[in-house]
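Okay, here's what each chain looks like letter by letter:
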Amino acid sequence: MTGDQAPGRTRPTRRQLLFGGAVAGFGAAAAIGADQALRLAGRQEPAEVRGTEVGAADAGSGIVPFHGAHQAGISTPPQAQATLVALDLRDGIDRDALRRLMQLLTDDAARLTRGEAALADSEPELAHVPANLTVTFGFGPEFVRRASTPAMQAPSWLRPLPAFGIDRLEASWSDGDLLLQVAADDPFTVAHALRMLLKDTRSFASVRWTQPGFRRARGSEVPGTTMRNLFGQVDGTVTPAPPTPDFEQLVWIRDGAFAGGTGMVVRRIRMDLDKWDRLDRSGREQSVGRTLANGAPLTGVEEHDEPDFTAKNAAGFPVIAEYSHMRRARSEDTAERFFRRAYNYDDAPTGKQISNSGLVFIAFQADVDAQFVPVQKRLDELDLLNEWTPRTSRRAPPRRSSPSALPPTRATRRESCTRM
């Protein structure tokens, strides 16, 4: 339903559902339309609602359309705040119950993103600042199994990621059947929207884990500035840009019941900032292959300069080392690329820790096996940044038929400049 239509519970539409596969933890997901996923078609696709263009001063009134050809929160410019919540479906929740659940969730999500109160909101005044709110749904294998019909074939990559040697997955950060990604430019908006949505899920699912993340506040940097992670690195320089043909080709699934969707990989990557502090600036730059000042490759001047991997220093060694993150993430096969949308996290330290921080790495691609996995395998084999991502967690056993459906905890290293 569009913003001009009368309120009421509506059937989910393409943007409203995101099927999620699990790549190693809650790692992979597939975004598809609800009309296809739950076969709830039979009415016209809602018209696209135009968003509101706003500046930093009035970002609170910014609206991102909920309905559309694809889910919001993927190609949408990343907001300053995001929270990911993984849910476990309760026993006995079948396809009809999932239909009711998604009708509740998508109707309230559509209202909230317009700056309107959820249907049963007891504090409606708190919903009046949309702040570019987006709600994105990811579905793990168990959700897909319960929701699918025999004619609906899930993507082959909708299963656990292959084992990576550097991963020590923690049960407390793994698995889940339904993922909510709630993002906005105001933490108040995120908190209220998440509470309203979780109220919808109480009879259907329980919360498994929650992870908030952040970027710079809207207006604190020039729009389009590449984010920095808490290592101080420019993070995500090389990634396809929406809405280019390159982005469309790499991100959206084109065939089958999941057409119009995408694969979502989430990895929670812990950073040992205390150990990183003991490394000098030159060593930090060598480990990444880029300067800390502006993210330029060590063979270039500006952030987006093309790196020269053949360049040698005076001693005859490569300027950009073979073990650097940038070199390992780069592939000669241009199909081995994906779109990243990462957030930093800074949890409360425990024990003798000074910091408990890291990166919530989120990647979107049409085929997880063909795009994400080859890059991750190279990083697993040889990436100097692995040295500063502690490997103290343990692999979580697969639960039910949902293989490890959510972000592999600290997962591997950290993915500084996306695969490149």
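Given the structure is predicted, the values throughout are model-derived calculations rather than measurements.

Reading the values: the criteria
Residues numbered from 1 in each chain as written. Predicted model: local features only at pLDDT ≥ 70, side-chain atom pairs only at ≥ 80, totals over all residues. Heavy atoms only, no water. Helix = DSSP H or I, 4+ residues; strand = E, 2+ residues; numbered from the N terminus. Buried < 20%, exposed > 50% of the residue type's maximum accessible area, 1.4 Å probe, protein only. Contact = heavy atoms within 4.5 Å. Areas by Shrake-Rupley, 256 points an atom, 1.4 Å probe, with all protein chains shown as cover. Phe/Tyr/Trp six-rings, centres within 6.5 Å; stacked < 30°, edge-to-face > 60°. Lys NZ or Arg CZ within 6 Å of the ring centre and 35° of its normal. 1 Å grid on protein atoms, 1.4 Å probe; cavity = no way out; pocket = protein on both sides within 12 Å on 5 of 7 lines; lining within 4 Å. Points joined across faces, edges and corners; volume = space filled by probe spheres on them. Nonpolar A, V, L, I, M, F, W, Y, C, P; charged D, E, K, R; others polar. Patch = residues over 30% accessible without salt bridge, like charges linked within 9 Å, V, L, I, M, F, W, Y side chains within 5 Å. Salt bridge = Lys/Arg side-chain N within 4 Å of Asp/Glu carboxyl O. pLDDT = per-residue confidence, 0-100. Polar contact = N/O pair within 3.5 Å; in protein donor to acceptor, adjacent residues only side chain to side chain. Core = buried A, V, L, I, M, F, W, Y, C linked by side-chain atoms within 4.5 Å.

Considering the overall build of the chain
In terms of helices and strands, the chain carries 9 helices and 8 strands. Counting across all 420 residues of the chain, residues that qualify as buried make up 58%. Summarising the internal contacts of the chain: among those between residues at least 6 apart in sequence, 79% fall at separations of at least 24. When the accessible surface of the chain is split by element, carbon and sulfur atoms take 52% of a total near 16700 Å².

Focus: the environment of Thr 334
Topologically, Thr 334 is positioned in the loop between helix H8 (325–329) and strand E6 (339–340). Assessed through its relative accessible area of 54%, Thr 334 is described here as exposed. With 84 residues separating them along the chain, Thr 334 and Leu 250 place their C-alpha atoms 9.6 Å apart.

Let's talk about the packing of aromatic side chains
Here the distance between the centres and the angle between the planes together describe a pair of aromatic rings. Enumeration over the complete set of coordinates arrives at 9 aromatic pairs. When the ring of Phe 247 is compared with that of Trp 252, the centres are 6.0 Å apart and the planes differ by 75°; the resulting orientation is edge-to-face. Joined through ring pairs, the aromatic side chains of Phe 231, Trp 276 and Trp 388 make up one cluster. The ring centre of Trp 173 lies 3.8 Å from the NZ or CZ of Arg 268, which sits over that ring.

Quick notes on empty space enclosed by the protein
Summed over all chains, the structure comprises 3 cavities of 30 Å³ or more. Roughly 40 Å³ of internal volume is contained in the second largest cavity. Forming the walls of the second largest cavity are Gln 233, Val 234, Arg 284, Glu 285, Val 288, Arg 290, Thr 291, Leu 292 and Gly 295. Per-class residue counts for the lining of the second largest cavity are 3 nonpolar, 3 polar and 3 charged.

A few points about the layout of surface pockets
For the second largest pocket, the calculated volume is near 220 Å³. Here the residues of the lining of the second largest pocket are counted per class, giving 8 nonpolar, 2 polar and 3 charged.

Describing a nonpolar patch on the surface
A cluster of nonpolar side chains, Tyr 323, Leu 382 and Leu 384, forms an exposed patch at the surface whose accessible area comes to about 230 Å². Position of Tyr 323 among the secondary structure elements: in the loop between helix H7 (281–288) and H8.

Regarding H7
Within H7, the full set of buried residues consists of Gly 283, Arg 284, Glu 285, Ser 287 and Val 288. Where H7 is buried, its residues meet helix H6 (273–277) and H8. Phi turns positive, to about 95°, at Gly 289, one or two residues after H7.

Description of the pattern of salt bridges
Applying the stated criterion across every chain yields a total of 19 salt bridges. Among the salt bridges present, the one from Arg 114 reaches Glu 116, with a minimum N-O distance of 3.0 Å. By relative accessible area, which is 30% here, Glu 116 ends up partly exposed. As a salt-bridge pair, Arg 159 and Asp 369 come within 2.9 Å of each other at their nearest N and O atoms. Of this pair, Arg 159 sits in the loop between helix H3 (141–147) and strand E3 (178–184) while Asp 369 sits in helix H9 (residues 368–381), and the two are 210 residues apart along the sequence. In this structure Arg 159 comes out as partly exposed when scored by relative accessible area, which is 35%. One salt-bridge network, held together by shared partners, links Asp 88, Asp 175 and Arg 208.

Some points on the confidence of the model for the chain
Do not read the fine detail of predicted coordinates wherever pLDDT is low. Summary statistics for the chain give a mean pLDDT of 82 and a share of 79% for residues scoring 70 or more. Across the chain, element-level confidence peaks in helix H4 (residues 187–201) with a mean pLDDT of 98 and bottoms out in helix H1 (residues 34–37) with 44.

Describing the environment of Leu 179
On the secondary structure map, Leu 179 appears in strand E3. The exposure class assigned to Leu 179 is buried, which follows from its relative accessible area of 0%.

A short note on the side chain of Asn 229
In this fold, Asn 229 is placed in the loop between strand E4 (205–214) and helix H5 (245–251). Assessed through its relative accessible area of 4%, Asn 229 is described here as buried. Of the polar contacts made by the side chain of Asn 229, one reaches the backbone nitrogen of Phe 231; its length is 2.8 Å.

Side note on the nonpolar core
Grouped together as the largest cluster of nonpolar side chains are 65 residues, with contacts concentrated most on Phe 137, Phe 143, Leu 178, Leu 180, Val 182, Leu 197 and Phe 372. The dominant element in this core, judged by the number of residues it contributes, is helix H2 (residues 95–113), at 8 residues. Membership of the second largest hydrophobic core comes to 19 residues, among which are Ala 82, Ala 86, Leu 179 and Ile 362.

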